[in-house]
Amino acid sequence: FTERLPKADCKLQWALRQSEAKDIPSSRGNRPIAEQDARPKWLSKNGYLLYGKMRSFPHMQLRNLCTALGERGLPLTHPAVHTLIRQTLFHLGPLQVDLSSNYVKYEWKVDVACTNIIQTLFTIIEEIADDLKESPHEYKASALLGELCSFLSYIDASFKSISRTIASSARRWAQD
């Protein structure tokens, strides 16, 4: 399943689709560079490149997420960015199932096993959450970070501390 973008952002729909690695054309990673004239006004040039390459190659999606968040290259308040990041994390894709051990592995999420990627994501998300503490107008970005932390806490429970920081900030905004 690939979520549909709103009509205003339908020109970016190609960036959300993810099929099996063997079905992805080798030119897909070049598409954002070749089609810069299709960049929506709400995305910077760098943001468009980051958006377009996020799901280009299935085994690099978490690394691409680290890059996009670390560079602060995507507007985290925009609904199309929310959709992209959710598709990146929540997409199941092909599974490897070992019936003898009841073990299921997501084939495309090979980076999950790489502790450096998870630690890097933790550090980056923690920094962004800290930056957003005093920015109630960025509540949509905080909500997205909360979703990221919720998902990633099944891999590393330390993400729950960031969720608590985000929730504390939201409570403070509501009281003010």
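Residues numbered from 1 in each chain as written. Predicted model: local features only at pLDDT ≥ 70, side-chain atom pairs only at ≥ 80, totals over all residues. Heavy atoms only, no water.

**Some remarks on the overall build of the protein**
When helices and strands are counted, the protein shows seven helices and two strands. Walking the protein from its N terminus toward its C terminus, one meets helices and strands in the order α-α-α-α-β-β-α-α-α. For the protein, the proportion of contacts with a sequence separation of at least 24, taken over those separated by at least 6, is 59%. For the protein, the accessible surface area stands at approximately 9,800 Å², while carbon and sulfur atoms represent 53% of it. (Helix = DSSP H or I, 4+ residues; strand = E, 2+ residues; numbered from the N terminus. Contact = heavy atoms within 4.5 Å. Areas by Shrake-Rupley, 256 points an atom, 1.4 Å probe, with all protein chains shown as cover.)

**Side note on the packing of aromatic side chains**
Summed over the entire model, instances satisfying the criterion amount to four aromatic pairs. When the ring of Phe90 is compared with that of Phe151, the centres are 5.4 Å apart and the planes differ by 55°; the resulting orientation is tilted. A residue pair is termed long-range when its members are at least 10 positions apart, and Phe90 in helix H4 (residues 79-90) and Phe151 in helix H6 (residues 139-152) qualify at 61 residues. Overall, the relative accessible area of 18% leaves Phe151 in the buried class. Taking 5.3 Å as the distance between ring centres and 80° as the angle between the ring planes, the aromatic pair formed by Phe122 and Phe159 counts as edge-to-face. (Phe/Tyr/Trp six-rings, centres within 6.5 Å; stacked < 30°, edge-to-face > 60°. Buried < 20%, exposed > 50% of the residue type's maximum accessible area, 1.4 Å probe, protein only.)

**Comments concerning the environment of Ser56**
Structurally, Ser56 can be placed in the loop between helix H2 (45-53) and helix H3 (61-70). Sequence spacing of Ser56 and Arg17 is 39 residues, and the spatial spacing of their C-alpha atoms is 8.8 Å.

**Some remarks on the side chain of Ser153**
In this structure, Ser153 sits in the loop between H6 and helix H7 (159-175). In this view, Ser153 contacts Phe159 and Lys160; residues no more than four positions away in its chain are not counted.

**Considering the nonpolar core**
Core analysis: the biggest nonpolar cluster contains 41 residues, and Tyr51, Leu69, Leu74, Ile125 and Phe159 have the highest contact counts within it. Sorting the residues of this core by element identifies H2, H3, H4, helix H5 (115-132), H6 and H7 as the ones contributing at least two each. Of the residues forming this core, the biggest block, nine residues, is contributed by H5. In contact with Phe159, other than residues within four places in its own chain, are Ile118, Leu121, Phe122, Ile125, Cys149, Leu152 and Ser153. (Core = buried A, V, L, I, M, F, W, Y, C linked by side-chain atoms within 4.5 Å.)

The values are spatial; any link to function lies outside them.
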